[in-house]
Every structure is written in C-alpha cells, then in structure tokens.
Amino acid sequence: MTGNMDSDKEEFLREFGDDYGYPNAPKSIDEIRATEFRRLDHDGLVYLDHAGTTLYSETQMEAIFKGLTTSVFGNPHSQSDSSLATAEIIRETRQQVLDFCNASARDYKCIFTSGATAALKLVGEAFPWSSQSTFMYTMENHNSVLGIREYALSKGATSFAIDIEEAAHEGGGCKSPVSSIKVLQRPTLRRNEATLLEEEPSGNAYNLFAFPSECNFSGSRFSLHLVNTVKDDTARVLEGSPYCKGRWMVLIDAAKGCATKPPDLSKYQADFVIISFYKIFGYPTGLGALVVRTEAAKLLKKSYFSGAASIADIDFVKRREGIEEFFEDGTISFLSIASLHQGFKILNTLSMSAISRHTSSLATYARKILSTLRHGNGGYVCTLYGRHESEVLYDELGPVVSFNLKRPDGSWFGYREVEKLASLSGIQLRTGCFCNPGACAKYLGLSHSDLLSNIKAGHVCWDDHDIVNGKPTGAVRVSFGYMSTFEDAKKLVNFIVSSFASWPTQAECVYLSRARSICFPDEGLKRSTAKYFLRSVTVYPIKSCAGFRVDSWPLSSTGLLHDREWLLKSLSGEILTQKKVPEMCLISTYIDLNLGILFVESPHCKMKLQIRLRTDFSTAGGDELDLYSQRYEVRGYDNEVSIWFSNAVGRPCTLLRCSGSKNSFCPERGNTKGMCRDVETKLNFVNGAQLLLISEESVSDLNNRLSSNVQEGLEGPPIQVNPMRFRPNLVVSGGAPYAEDEWRSLKIGNQNFVSLGGCNRCQMINLNPQEGEVRRSREPLATLASYRRVQGTILFGVLLRYDNRDDVGQDMDSWLEVGQEVHPNTD
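Along each chain, residues carry numbers from 1 onward, in the same order as the chain's sequence is written. Thresholds applied to this predicted model are a pLDDT of at least 70 for local features of residues and 80 or more for the giving and counting of side-chain atom pairs; totals over whole chains, interfaces and linings are not thresholded and use all residues. Each side-chain value is worked out from all heavy atoms of the structure, with water and hydrogens disregarded.

Q: Explain the state of the cysteines to me, please; I cannot follow it from the model alone.
A: Such a bond, covalent and formed between the sulfur atoms of two cysteines, is termed a disulfide. Note on terminology: disulfide denotes any pair of cysteine sulfur atoms within 2.5 Å. Taken as a whole and assessed by the stated rule, the structure comprises 1 disulfide. Covalently, Cys 433 is tied to Cys 440 through a disulfide, its sulfur atoms 2.0 Å apart. Its torsion about the S-S bond being -45°, the disulfide of Cys 433 and Cys 440 is classed as left-handed. Here Cys 433 falls in the buried class, since its relative accessible area comes to 10%. Type-normalised accessible area, obtained with a 1.4 Å probe on protein chains alone, sets the label of each residue: buried when under 20%, exposed when over 50%, and partly exposed for intermediate values. The buried category is assigned to Cys 440, whose relative accessible area is 1%. As a non-bridged cysteine, Cys 653 has Cys 545 as the owner of its nearest cysteine sulfur, 9.1 Å distant.

Encoded structure:
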C-alpha cells in the first residue's frame with residue numbers, strides 16, 4: 001500500500017523534476033542532506049516543522065564558529081579598531097537584508113530587533129494612532145500581529161478583521177488585481193473607555209493594514225498586489241466605508257514567507273516588513289528585523305531612549321538621528337548579526353527562486369497524495385486546508401500542508417494522536433492552531449461560541465484538547481525546508497497510510513464489551529478454561545522511582561501498602577516524573593516492614609538513605625497538594641532528605657508523603673460511565689488507578705512483533721522487553737495474549753479486584769536503564785501503536801481497583817502471594 005520508494009521517486013521526478021533539487025548549485029539535494037544535515041540521518045528523523053524553525057547546516061555553523069574564534073568583535077558603540085570593524089559588519093549585514101527584499105537603501109532602512117514579535121511590537125508602540133485611526137488586518141494573522149490591536153484600541157482607534165475575496169465582474173475582459181479585490185469586514189472593535197467616533201474619520205489620520213505574505217496555518221500566499229491596492233485605492237476596496245479615509249500604511253508579516261519567497265519591495269512598497277532569521281536559515285535565534293520605509297519611519301513616535309545624549313538631573317535628551325540607531329535600544333546582538341552573513345551565503349548559493357520551487361514541489365506532491373487517500377468505505381482520510389481558486393488574490397501555496405484526518409465513520413482523529421504517532425515514527429511535525437486563531441477558526445469552521453467554549457474547557461494552542469464537542473480545535477501541519485527531500489515527503493505519506501488510512505478493519509479486530517475495540521490474535525485458546533497464576537508483585541514507594549519485587553505483600557485501602565506513597569516536587573512546585581527526569585528510574589527503593597524503614601539508593605549518592613515510616617517527618621505541619629484532580633494531605637521531610645534527593649536527580653527538590661486524600665476519584669473504564677459510582681476509591685500518587693496488571697503472554701506476543709519488525713528490515717536495532725518495562729504491580733501468566741482485556745473483575749487468592757480497563761501508555765515505556773544511564777528509543781511504544789491503538793490511546797495492561805468493601809487500612813489477612821491462582825471474570 002505504501003509503495004516502492006524508488007519507483008515512486010521516478011514518478012515524482014517525471015512530474016516535478018524541473019523544480020526539485022538544485023541542478024545549478026554546487027551540491028545536489030541528496031549531497032546537501034548527506035554532508036550538511038547528517039544529524040537527521042543519524043537520528044533517523046524526518047523533520048517537517050520548518051514553519052516553526054528551519055535547520056542550520058553544518059557548513060554554516062562551522063563558518064560561524066571559525067569567524068568567532070579567529071576574529072575580535074568589539075562593541076560597536078566604541079571607536080576602537082575591533083569596534084569599528086564590527087560596526088562595518090553590521091552595516092554590510094543591513095544591506096544584505098535590504099538586498100534580500102530587493103529594497104533600496106535610500107527608500108528603506110533595516111532595524112534589528114530581538115525577533116519578529118519585537119519588530120511587530122515596535123510598530124504597534126510607535127505608530128501614530130489617534131481616535132481617527134483604523135487598524136485593519138486579515139483573518140489569517142499570527143497572534144503577534146493581533147497584539148498590535150491593543151495599542152490601537154488603547155489610543156481610541158478602530159480595529160477590525162477582514163476576509164478578502166474576488167469581486168464579481170460583469171462581462172468579459174481582463175481583470176486587474178485592483179478591481180478584483182473585495183473586502184468583507186468583520187465586526188468593528190472599539191474600547192468602551194475610548195471616545196466614541198462622533199464624526200467620520202478625517203483625511204489626516206494614519207491607518208494601518210496588516211497581512212502575512214504567507215499564512216503560517218495554511219501556507220496560503222497572499223498576492224502582494226494588496227500593498228498597492230490598499231495604499232492607492234482604499235475607497236473602492238472598502239466600498240465607501242467611513243474607515244477608508246486617511247493615509248493608509250501597510251505592514252507585511254513576512255516571518256514565515258521570507259524562508260522561501262521574500263517580498264519584492266521594489267514592486268510592492270510596503271511600509272513595514274517583519275523578518276525572523278531563524279525561520280530563514282535556522283540560526284541565530286532571538287534576532288529579527290523591521291524593514292521600514294524611510295518616510296514611514298519618520299512618522300513613528302518613540303518615548304523610551306537609551307542610546308542618546310541626555311542630562312541626568314534635568315529634562316533634556318537629544319536622540320540619535322539615524323533611523324536604525326533611533327529605534328535600536330542599547331547594544332544590538334552584534335555577534336548574532338555577524339553570523340547572518342553565512343546564512344545568506346547558503347541561500348544565495350542555492351537561489352531563493354530554486355528554494356521556492358523545490359519546497360513547493362514537495363508540498364504539492366504531499367497534498368496531491370493526501371487528498372486522494374480513502375478508507376475502505378470510500379470516505380476521504382484527509383481534509384486539507386488553504387486551497388484557493390483565485391489566482392489574483394493568492395499566489396501558489398507555500399511549502400506548508402495543513403490538514404486533519406478522519407476515521408471511516410467520519411469522526412476525527414485528534415491532532416495529538418497524529419503527533420504522538422508521528423513522533424514514534426521519527427517524524428517531527430507541528431499541531432494546534434500555530435498561534436493563528438483567525439485562520440484556525442476560518443478553516444475549521446469554528447464559531448465565536450465554539451472558540452469561547454474551547455477556551456473555557458481549558459484549551460490553548462498546542463495542548464491535548466484536540467477534539468471538543470466533536471470538532472477539531474486545531475490541525476496537523478507539515479512544512480518543508482530547503483534541505484527537505486522526496487524521501488521525507490514519502491515517509492510522511494507512508495505514515496499517514498499505514499497509521500490512519502487502513503485502521504482499523506472489522507476483520508482485524510475483536511469488539512469487546514467495554515465500548516472499545518482492540519486488535520489481538522485469537523489463536524484458539526479457550527480463555528474460559530485457561531488457568532492464570534500470579535508471577536510477581538512489585539511495589540513502587542516513590543512515584544517514578546524504581547520499585548522492588550516481593551514474594552508477598554499486604555494490601556491496604558489504597559492498593560499495595562505504601563505503593564506510590566511518596567513523590568518528589570521541585571522548588572517551583574512541579575511534580576517530578578520520569579517523563580521529565582528519566583534518571584529517576586535509577587533511584588532504587590526497598591521497604592523493610594519489620595524494621596519500618598524505607599531504604600533508598602542512588603548512583604549519584606554515596607550514602608544509602610533511610611526513612612523511618614513513622615517518625616521521620618519534618619517538624620513542620622502538613623500541607624495540601626492538588627494532583628490528577630484530587631487533593632492530597634502531604635507531609636514533608638527535613639533539609640537533609642531534600643539535599644539527598646536533590647543530588648540524586650540533579651535538581652533541587654523535596655520529598656513529600658501522602659498522609660490522606662480529601663476527594664474521591666474514579667477513572668472511567670473505556671466509555672462506560674459510573675463504574676465506581678457507589679465506591680470511594682482511595683489513591684496514593686498514582687496516575688489513574690491503584691494497581692497495574694500485565695500478562696506475560698501479552699509481553700511475549702509484543703516481543704514476537706518486535707522481532708518480526710527487525711526481520712522485515714524496519715529501522716532500529718532488535719529490542720526485547722520484559723514485563724518490568726511497563727512498571728506493573730502485578731504480573732500474571734496463563735491463557736492467551738491480551739485475554740486480560742476482557743476481564744471485568746478478578747480474584748487472587750481471597751482478594752477481589754475490579755478491572756477499570758486498559759492502561760494508556762506513553763513514551764515512558766521507551767526509557768531503558770542500562771549500565772547506569774537511561775537510553776531512549778521508539779520501542780516498544782511504536783509497535784504497540786500499530787495494533788493496540790483505540791481512540792487516540794495506546795493500551796497495554798489493565799488497571800485494577802482493590803475491592804476493599806470494609807474501607808479500612810491495612811488488613812493483616814489481606815496479602816498477595818506469588819504463585820496464587822488468578823480467577824478472572826468476564827461477565
């Protein structure tokens with residue numbers, strides 16, 4: 001289904017061969033990847049988030065490092081030889097930036113800023129707003145552009161968003177770009193405290209129109225004819241609106257667009273152009289530029305001064321006359337500016353036109369394939385965003401492909417599910433709204449009530465709230481850079497096909513009674529007659545630290561006695577886990593019930609720590625902690641214990657112990673509601689349930705699949721996992737793989753447990769401690785995702801609740817022992 005790479009590439013080259021690669025450059029695209037971006041192949045990565053930041057090349061960084069180690073760069077605010085040399089480099093770099101935009105040094109100036117956002121903020125702060133002014137912007141704008149609205153509204157100006165459409169024409173004849181533009185105005189915004197507009201705006205007001213050269217959500221490239229149209233023919237474009245009067249100035253947010261197609265300011269004389277350099281050639285970060293038209297710069301008003309002649313004890317200041325120095329506060333980032341030359345050198349070697357054609361060919365190919373993918377029932381897999389029919393209002397799409405994916409039944413795959421699975425496949429992409437709320441709402445069809453509902457539900461741009469009320473809250477975005485290859489695009493397509501276009505089919509899955517379907521082999525074992533035994537019991541006293549195995553252990557109202565009863569918290573209040581601090585798995589623990597002592601060891605600490613279970617609390621009183629929707633009563637320890645654990649994990653932290661919980665908590669089992677409605681579940685610091693059970697047969701089946709992957713030539717070294725990789729409390733043997741999925745309850749010895757459903761696995765099971773260090777891989781989660789994925793979750797093992805109806809503490813008759821028979825109930 002995914003096709004042969006060589007034959008697919010031959011077909012791709014027949015269609016896009018004239019645009020793909022760099023035939024006139026010193027190196028081909030394959031040579032560029034092999035010599036300049038070896039780190040991608042070394043890590044097996046497919047990097048497709050160039051709209052977020054593109055990648056720097058090895059030659060680029062070597063040249064920058066050589067310049068830094070062989071030259072002396074003095075502060076340009078001085079007259080020494082090294083300072084004068086630095087000032088000359090800055091002057092040359094300003095000219096490079098202007099040349100990049102085909103801008104005359106007489107008509108434009110380059111002001112360096114700390115980034116694109118700082119450049120936009122500068123315009124917003126210094127623009128000559130008045131109560132007669134208007135700030136107009138397209139719906140497709142980054143949040144950093146929308147932030148200008150605050151300055152406009154605070155000065156009493158009017159603000160509104162617009163959609164741009166092609167005007168209808170009667171009769172034939174050629175349509176000019178100017179006559180083809182129609183503006184649809186969104187609601188007008190004014191601040192309540194601002195003076196209401198009592199009369200129409202006068203012709204003396206200054207207005208600002210902002211639009212992106214390329215939308216970072218959809219890749220749509222706006223026609224730069226908008227610049228001249230708005231500046232010269234606003235009255236027609238706004239169709240007699242009172243806001244058409246005054247002098248209109250235009251801002252182009254080119255932070256994304258400059259990476260492949262910078263604006264030509266000799267043709268389209270925008271007043272302000274925003275540039276971000278890390279989006280163009282990866283390094284340096286924290287540096288941007290405002291390319292400003294000289295006449296427009298003279299209108300900007302600035303209050304703050306730093307580089308100026310001033311007198312300390314009287315109200316006197318004489319500002320610098322140069323436009324660049326006037327707006328650049330303090331000493332600019334001259335070392336970063338000096339490094340820009342090497343980035344421009346790379347681009348000039350390839351040429352921007354070739355980069356644009358190359359990246360667009362890959363995006364066009366990806367869109368073409370994704371748009372044709374169908375499920376077995378004929379339903380489309382992908383919904384693509386950003387296509388436009390008008391060639392007058394929009395140029396061709398840029399190297400961005402934005403989409404969402406649907407299941408065969410028409411429901412949506414959440415973008416976080418796509419992102420997690422892509423990461424497991426070595427594909428780095430971006431999900432969310434990309435800080436472009438207008439474009440997100442426009443393309444996803446989200447109303448104001450939808451947006452407010454999503455925000456009320458806690459949704460922010462890149463979080464896990466990817467589906468709210470059945471609608472996506474964001475999208476999946478892949479974006480190509482000058483070093484991207486056909487192989488990158490093909491691997492993306494293969495990933496979508498294998499993970500979403502063919503998942504699941506009725507023949508491959510067995511539907512279970514828990515409102516979820518899981519694919520697993522049914523090899524004829526009769527589960528009703530199979531015998532199961534408890535093979536191991538493991539207690540994890542400190543959350544995310546290593547546990548210890550026992551032959552027998554008492555149960556309590558919270559599950560295994562002392563399991564996850566302690567945790568580590570950073571000084572900032574963050575709960576430490578292996579996801580954030582993988583080295584925590586190297587901290588070993590053991591509890592001696594007879595001595596009443598918790599023993600803790602770490603390879604980073606010489607002494608073994610001993611914590612008495614009854615008497616080692618600090619003298620300070622108890623505290624409260626909110627975790628996983630539950631409030632806990634906790635107790636801390638003295639400074640000596642904090643120092644020990646801080647050394648063990650390499651960051652300041654404190655140890656806390658659960659001394660009680662105030663709220664009951666009940667995880668839902670699958671989609672079945674109310675499983676624990678009448679039973680209060682007491683939890684220590686666990687993620688969702690008291691105990692986790694793993695089957696040896698399920699682990700064995702997983703290992704067989706991992707071995708098959710290696711035999712089939714898939715990437716990665718052979719890997720086998722043991723049950724302890726999943727941090728289970730209980731390991732059982734017997735029966736068929738995944739038989740535990742069907743258990744509704746079980747009895748071990750004389751103790752009863754209720755199954756709460758499958759355990760949702762995360763990247764933590766890919767951490768493997770070996771020889772005193774923690775190694776990361778993509779397995780076994782990647783293989784589990786290929787056959788254990790349900791509604792965005794990857795399930796392996798089952799969560800249990802100890803059915804302790806008497807609701808007491810430790811019952812000395814309530815013990816689990818290795819070797820006890822396990823009696824599951826599937827009814």
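Q: Help me out: how do you make sense of the nonpolar core in this one?
A: If you look at soluble globular proteins, the nonpolar side chains tend to sit buried side by side. We define the nonpolar core as a collection of buried residues of types Ala, Val, Leu, Ile, Met, Phe, Trp, Tyr and Cys that are connected through side-chain atoms lying within 4.5 Å of one another. Grouped together as the largest cluster of nonpolar side chains are 115 residues, with contacts concentrated most on Phe 112, Phe 209, Ile 275, Phe 277 and Ile 496. We count a stretch as a helix when DSSP gives it H or I for four or more residues in a row; a strand needs E for two or more, and each element gets its number in order from the N terminus. Examining the composition of this core, we find that 9 residues originate from one element, helix H19 (residues 486-501), more than from any other. Excluding anything up to four places from it in sequence, Phe 277 contacts Val 97, Phe 112, Gly 282, Pro 284, Leu 287, Gly 288, Ala 289, Leu 340 and Phe 344. Ile 542, Trp 553, Tyr 637 and Leu 746 belong to the second-largest nonpolar core, a separate cluster that totals 47 residues. In this description, contact between two residues means that some pair of their heavy atoms is separated by no more than 4.5 Å.

Q: Help me understand unusual backbone geometry in this model?
A: Most peptide bonds take the trans configuration, and most residues that are not glycine carry a negative phi. Cis geometry marks the peptide bond from Tyr 283 to Pro 284; its omega dihedral reads 5°. Within the element layout of this structure, Pro 284 appears in the loop between helix H11 (278-281) and strand E10 (288-293). Backbone torsion omega between Glu 779 and Pro 780 reads 10°, so that peptide bond is classified as cis. Its place among the elements puts Pro 780 in the loop between strand E39 (773-776) and helix H22 (781-787). With phi around 50°, Asn 102 is a residue other than glycine that occupies positive phi space. The residue Phe 434 is not glycine, and still its phi comes out positive at about 60°.

Q: Help me understand the sheet that holds strand E20 (residues 475-479), please; the structure alone is not making it clear to me.
A: Paired through their backbone hydrogen bonds, the strands of a sheet run either parallel or antiparallel. If DSSP finds at least two bridges between two strands, the strands pair. Sheet architecture is open: 4 strands sit in the order E13-E15-E20-E17, paired in antiparallel fashion. In the strand order of this sheet, the two ends are held by strand E13 (382-385) and strand E17 (430-432), each with one partner. Neighbour to neighbour, the strand axes of the sheet diverge by 30° on average, direction disregarded. As paired elements, E17 and E20 share 3 bridges and run antiparallel to each other. When the sheet's bridge partners are listed, Arg 430 is paired in E20 with Arg 477. Lines fitted to C-alpha atoms define the axes, with helix axes restricted to the stretch in contact, and inter-axis angles between N-to-C directions lie between 0 and 180 degrees. Seen against the sheet, helix H15 (residues 352-372) touches E13 and strand E15 (400-405) and runs at an angle of roughly 20° to E15.

Q: Where do I start with the pairing of E20 in this structure?
A: Each regular strand shows side chains that alternate between the opposite faces of the sheet. Burial runs high along E20: 5 of the 5 residues are buried. Taking every second residue as pointing to the same face, both faces of E20 are buried, with Ala 475, Arg 477 and Ser 479 on one and Val 476 and Val 478 on the other. Here E15 runs beside E20; their pairing, made up of 4 bridges, is antiparallel. For Phe 403, the partnering residue across the bridge sits in E20 and is Val 476.

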